[in-house]
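Residue-level structural notes
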Amino acid sequence: MTPDGKRFVARVLVYPRAEVLDPQGRAIEGALERIGFDGVQRIRAGKSFEVALRAASSTEASEAVDRMCRHLLANPIVEDYSVEWIRA
Amino acid sequence: MKCGIVVFPGSNCDHDVYHVLGHVLEQETVFLWHQKTSLDGCELIVLPGGFSYGDYLRAGSMAAHSPIMAAVRRHAEAGGRVLGICNGFQMLLEAGLLPGAMRRNRDLRFLSVDVHLRVERDDLVYCSGYRRGEVLRMPIAHAEGNYVDTDEALDDLEQSGQVVFRYVDSEGNLASGANLNGSKRSIAGVCSAEGNVLGLMPHPERCAEALLGNGDGLALLTGAVRVGRGAELPAAVGG
């Protein structure tokens, strides 16, 4: 990561892949139904990370966050990730 | 055989493995702190159970990137023996040294109970004291032991004979009631294509002395330190 440069902030969302059983989401679905919320079709329970970093350009920032996702923040076998920019 | 047990912040089965390897099997055994970058000539590396770095992100995910893991990876790639138990198995998956991933247990409960396992391979050095189809009893103690992978990857795993242990009932039959964590195809343990890396969720080190009520796990650790080659095991190398 470049020490100087512009400050960027990304929000990384990590969710279990659609075909993977999500026991936490299932449990929350059941709880919503029990307390009377009808019509809930599906809950996926995921994680969100706010990543603040310095980088020379938005391309560099975006590549760095993508590498973080692939190496640590998400496990591609069971999770999908997406990146939103809070400060681009 | 010189054995090295990697100690992570949060490991809690490291001393149990040490006891079995060092005292019961009388092997030269050392602890290796996770910040080290060398394996000090150990031929068998054990990644023990417990926790690591709080397992905050996913179980084993941060340990998979700790300094010693580069040396463990080189050791494994050179054909050296690596045994991952419980959290150690999760690390091997996160490090990509074994295929697949773990999800939370199907019923979201931490499971601490004895289970039955069926031995699917007896040509690995680790299983040299078991017969194929033999049913063992071993304890499990985990919250994330729900083994998953894509259907294609699981088919490949089966075809290449990398499924080493499955959860079964006491008769040795597959049953959803015996697969408590919900693992795909009841998988409890898998090995690398070459057979030198083995990971399993159950704890052989906690059932390695008949005096303590159950000795079913001793043969696995005996096999792990057996000198010589298994049918499909390349010669072990030091790291």
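Predicted model, so just to flag it, every value in this text is computed and none were measured. (Residues numbered from 1 in each chain as written. Chains lettered and ligands numbered in written order. Predicted model: local features only at pLDDT ≥ 70, side-chain atom pairs only at ≥ 80, totals over all residues. Heavy atoms only, no water.)

**As for the pattern of salt bridges**
Residues and elements named next belong to chain B.
- Under the criterion given, the structure shown has 17 salt bridges over all chains.
- Across the pair Arg106 and Asp107 runs a salt bridge whose closest N-O atoms are separated by 3.9 Å.
- Owing to a relative accessible area of 32%, Arg106 belongs among the partly exposed residues under this scheme.
- Using a relative accessible area of 45% as the deciding quantity, one classes Asp107 as partly exposed.
- Of the charged contacts, one joins Asp123 and Arg121 as a salt bridge, the two residues approaching to 2.6 Å between their closest N and O atoms.
- Members of the salt-bridge network, linked through shared partners, are Arg118, Glu120, Asp155, Glu158, Arg166 and Arg185. (Salt bridge = Lys/Arg side-chain N within 4 Å of Asp/Glu carboxyl O. Buried < 20%, exposed > 50% of the residue type's maximum accessible area, 1.4 Å probe, protein only.)

**Side note on the packing of aromatic side chains**
- The tally for this structure, following the rule as stated, stands at 3 aromatic pairs over all chains.
- The interplanar angle of 75° and the centroid separation of 6.3 Å between the aromatic rings of Phe8 of chain A and Trp85 of chain A together place this pair among those described as edge-to-face. Of this pair, Phe8 of chain A sits in strand E1 (residues 6–16) while Trp85 of chain A sits in strand E3 (residues 79–87), and the two are 77 residues apart along the sequence.
- The exposure class of Phe8 of chain A is buried, given its relative accessible area of 1%.
- Ring geometry for Phe89 of chain B versus Tyr147 of chain B: centroids 6.3 Å apart, planes at 15°, classification stacked. With a gap of 58 residues between them, Phe89 of chain B in helix H3 (residues 87–94) and Tyr147 of chain B in strand E8 (residues 146–148) connect regions that are remote in the sequence. The same class applies to Phe89 of chain B as to Tyr147 of chain B, namely buried. (Phe/Tyr/Trp six-rings, centres within 6.5 Å; stacked < 30°, edge-to-face > 60°. Helix = DSSP H or I, 4+ residues; strand = E, 2+ residues; numbered from the N terminus.)

**Describing the pairing of strand E9 (residues 163–168) of chain B**
Residues and elements named next belong to chain B.
- Summarising burial for E9: 6 of the 6 residues are buried, a large majority.
- Bridge analysis of strand E6 (residues 111–119) against E9 gives 4 bridges, and the strand direction is antiparallel. Among the inter-strand pairings, Leu117 is bridged to a residue of E9, identified as Tyr167.
- Sheet topology places E9 next to strand E10 (residues 187–191); 3 bridges connect them, and they run antiparallel. Residue pairing for E10: Phe165 is matched across the bridge by Gly189. (Pairing = 2+ DSSP bridges.)

**Topic: the sheet that holds E6 of chain B**
All names here are of chain B.
- In space, the 9 strands of this open sheet follow the order E2-E1-E3-E4-E11-E10-E9-E6-E7, with mixed pairing throughout. A strand with exactly one partner marks an edge of an open sheet, and here the two such strands are strand E2 (29–33) and strand E7 (135–142). Looking at each pair of strands side by side, their axes are set apart by 25° on average, direction ignored.
- With 8 bridges joining them, E6 and E7 adopt antiparallel strand pairing. The residue bridging Leu111 from the neighbouring strand is His142, located in E7.
- This element, helix H1 (residues 14–24), spans strand E1 (3–7), E2, strand E3 (44–47) and strand E4 (81–85) of the sheet and lies at about 155° to E2.
- Helix-sheet contacts for helix H2 (residues 68–77) involve E1, E2, E3, E4 and strand E11 (197–200), and the interaxial angle to E4 is about 125°. (Axes fitted to C-alpha atoms, helices over the stretch in contact; angles between N-to-C directions. Contact = heavy atoms within 4.5 Å.)

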